[in-house]
2 protein chains.
Amino acid sequence: MPKRVDHEERRRLIAGALWRLAAERGLEGASLRDVAAEAGISLGQLQHYFTSKDEMLGFALEHIGQLAEGRIRARIEALPGEPTPRTVLRETLAEMLPLDENSRIGQRVQIAYFVRALYDERPRTHAREGSRALRDFLAGQVARGVERGEVPADRDPGCEASLLMALVEGVSGHTLMELHTPEEAMALIDLHLERLFGGAAA
Amino acid sequence: MPKRVDHEERRRLIAGALWRLAAERGLEGASLRDVAAEAGISLGQLQHYFTSKDEMLGFALEHIGQLAEGRIRARIEALPGEPTPRTVLRETLAEMLPLDENSRIGQRVQIAYFVRALYDERPRTHAREGSRALRDFLAGQVARGVERGEVPADRDPGCEASLLMALVEGVSGHTLMELHTPEEAMALIDLHLERLFGGAAA
DNA sequence: ACTGTAGCAATACAAGTGACTTGCAAAAAG
DNA sequence: CTTTTTGCAAGTCACTTGTATTGCTACAGT
């Protein structure tokens, strides 16, 4: 065999190029040739690593999901001591907002995939699983808050988790549209969290 | 001159065909030929009414905005007597959710334009204006609620309006992804409204 | 009756698209 | 050294895209 190259490594490199393009021109707007050019490789080489465009998109989606999960996990584990549910929720939601240029790109790509899922059954099912997992995680944190008496007992963790997700995704969209600054976006999330956790003291 | 035809009427007819396609395949996925076929006319005829694709998309966007505004207005005016701010808010938000097949289509097309706005400066500016107008309307209703003592006085109408919009758009997306049923979506909105208005009694 | 023009159809066109095929260089395996 | 397989480049394929062009028909204005 010739030069032994790390296939996964190459695929990640290509996925990176795809994101950059998808972030500024949309997912469908990125042709294989464009991606290859952005990655600094030839079309032939790209096709050597991805048989079809669908395969490339699929891999990139899988990868972005793992990265996002990793970022959230790292962010939470970086917190000092035993973080409260509220802190965990805040950090998790913050990671889902387009607060810096990097997460702006990530967020745009996520939306591109969201749109794709709107029109295709397969990716929709896949995305649903991811959303449910995230919702369950958030619900778990809310439940923990209820147990610790930090959240009013009449709040249903499942519903609260759904509200949180919808809210953060909505705020995210508004931020990308430059309707809010990143700071305002985070303030809105904090405001909602304050309501969720603040009511218990009264 | 030959047959005198109602230009606006034709353009609306074409816009309708565009929506149907955009709802199921996305906005960029609808080619001029497809739209013409869906509208039951020839490509040549379509080009007679819209010089370029951009012009067609622009007209359709303008039109869908007017329709949405009209639906909301009609829905509110159909309410008996002098509606409370809460009722107005509920009806307005309900109209923004994909609760039936028709609004599902409308919602999908809106998203298609939202995506477009993400990547283009011009439509983004335009969309921002619309969003701000809607936000101001919602904020006005919240302020009215505060005046009438139905909403706690410490709630900032602007922030609450932003939260409502983000929430309804997030829930809308989740509903389109079939993460929620339309009923669950409405229940989530009602839950949030209950919090917004309920706190005053306590 | 003649003419100009709105309404429309058909076709052509250049620029892209994703997928596929071929060919070859390089390096590991024998 | 020879063989074999991987990595990659280049070109080709059929096809779709938005736009431009051409030409015909029917009717209003004169």
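Throughout this document, residue positions are counted from 1 along each chain, in the order its sequence is written. Chains carry letters from A onward and ligands carry numbers from 1 onward, assigned in written order. Only residues with pLDDT of 70 or above have their local features reported here, since the model is predicted, and side-chain atom pairs are shown and tallied only from 80 upward, although totals for entire chains, interfaces and linings are computed over all residues. Excluded from the side-chain calculations are hydrogens and water; all other atoms, namely the structure's heavy atoms, are used.

K.L.:
How would you summarise the interface of chain B and chain A if you had to cite specific residues and measurements?
P.N.:
Put simply, an interface is often sized by how much accessible area is lost when its parts join up. We call two residues in contact when some of their heavy atoms are within 4.5 Å. The interface of chain B with chain A comprises 40 residues on the first partner and 40 residues on the second. Throughout, buried area stands for the accessible area (probe radius 1.4 Å) lost by two parts on being put together, summed over both. When chain B packs against chain A, the two sides together hide about 3500 Å² of surface, and 68% of this comes from carbon and sulfur. The working definition used for a salt bridge is a side-chain nitrogen of Lys or Arg within 4 Å of a carboxyl oxygen of Asp or Glu. Scanning the region where chain B abuts chain A turns up six salt bridges. Its salt-bridge partner being Arg128 of chain B, residue Glu178 of chain A comes within 3.3 Å of it at the nearest N-O pair. Pairs of N or O atoms are called polar contacts if they sit within 3.5 Å, as long as, within protein, a hydrogen donor faces a hydrogen acceptor (for residues adjacent in sequence, only side-chain-to-side-chain pairs). Where chain B touches chain A, the interface holds 12 residue pairs in polar contact (both at pLDDT 80 or more). It is helix 8 (residues 157–176) of chain B that contributes the most residues to the side of chain B that touches chain A, 13 residues altogether. Secondary structure elements follow DSSP: runs of H or I of four or more residues count as helices, runs of E of two or more count as strands, with numbering from the N terminus.

K.L.:
Got a sec to walk through the domain arrangement of chain A? Specific residues and values, please.
P.N.:
Residues and elements named next belong to chain A. What counts as a domain boundary in this text is fixed by an automatic or database domain assignment. Its domain assignment divides chain A into domain 1 (1–71) and domain 2 (79–202). Each of domain 1 and domain 2 has a C-alpha centre, and these two points are 28 Å apart. Counting residues at the interface gives 14 residues for domain 1 and 10 residues for domain 2. Taking both partners together, domain 1 and domain 2 bury about 1200 Å²; carbon and sulfur atoms supply 63% of that area. The interface formed by domain 1 and domain 2 includes three salt bridges. Taken together, the links from domain 1 to domain 2 amount to five residue pairs in polar contact (both at pLDDT 80 or more). Among the elements of the structure, helix 1 (7–25) and helix 4 (53–77) are those that each provide at least two residues to the side of domain 1 that touches domain 2. The biggest single contributor to the side of domain 1 that touches domain 2 is helix 4, with seven residues. Ten residue types, Ala, Val, Leu, Ile, Met, Phe, Trp, Tyr, Cys and Pro, are classed as nonpolar, four, Asp, Glu, Lys and Arg, as charged, and the remainder, Gly among them, as polar. Here the residues of the side of domain 1 that touches domain 2 are counted per class, giving nine nonpolar, no polar and five charged.

K.L.:
With reference to specific residues and values, describe the nonpolar core.
P.N.:
As a rule of thumb, soluble globular proteins bury nonpolar side chains together. Residues Leu18, Val35 and Met56 of chain A together with Leu18 and Val35 of chain B are the most contacted members of the largest nonpolar core, which totals 67 residues. Not counting residues up to four positions away in its chain, the partners in contact with Leu18 of chain B are Leu27, Ala30, Val35, Met56, Leu57, Ala60 and Tyr113 of chain B. Side-chain atoms within 4.5 Å are what join buried Ala, Val, Leu, Ile, Met, Phe, Trp, Tyr and Cys residues into a set we call a nonpolar core. Exposed residues in this analysis have more than 50% of their type's maximum accessible area, buried residues have under 20%, and partly exposed residues fall in between, with area computed by a 1.4 Å probe over protein chains only. Of all hydrophobic cores here, the second largest spans 48 residues; its members include Leu89, Val142 and Leu164 of chain A together with Ile189 of chain B.

K.L.:
Explain the pattern of salt bridges to me, and be specific about the residues and the numbers.
P.N.:
Residue and element names in this part refer to chain A. For the structure on display, the rule yields 42 salt bridges over all chains. In this structure, the salt-bridge partner of Arg148 is Glu150, at a minimum N-O distance of 2.9 Å. When its relative accessible area of 41% is taken as the criterion, Arg148 is described as partly exposed.

K.L.:
Go over the packing of helix 4 (residues 53–77) of chain B against helix 5 (residues 85–95) of chain B, please, and point to the residues and values.
P.N.:
Angle between the axes and distance between the axes: these two values describe a pair of packed helices. All names here are of chain B. Each axis is a line fitted through C-alpha atoms, and for a helix only the stretch in contact is used; angles between axes span 0 to 180 degrees, taken between their N-to-C directions. Running from N to C, helix 4 and helix 5 cross one another at 145°; their axes reach a closest spacing of 9 Å. Along this stretch, helix 4 crosses helix 5, giving a crossing that reads as right-handed. Between helix 4 and helix 5, the contacting residues are Arg71, Ile72, Arg75 and Ile76 on the first element and Val88, Glu91, Thr92, Ala94 and Glu95 on the second. Of the residues in the contact of helix 4 with helix 5, the class split is four nonpolar, one polar and four charged. The sense of a crossing depends on the near helix, which, turned anticlockwise from the far helix by less than a right angle, makes the crossing left-handed and, turned clockwise, makes it right-handed.

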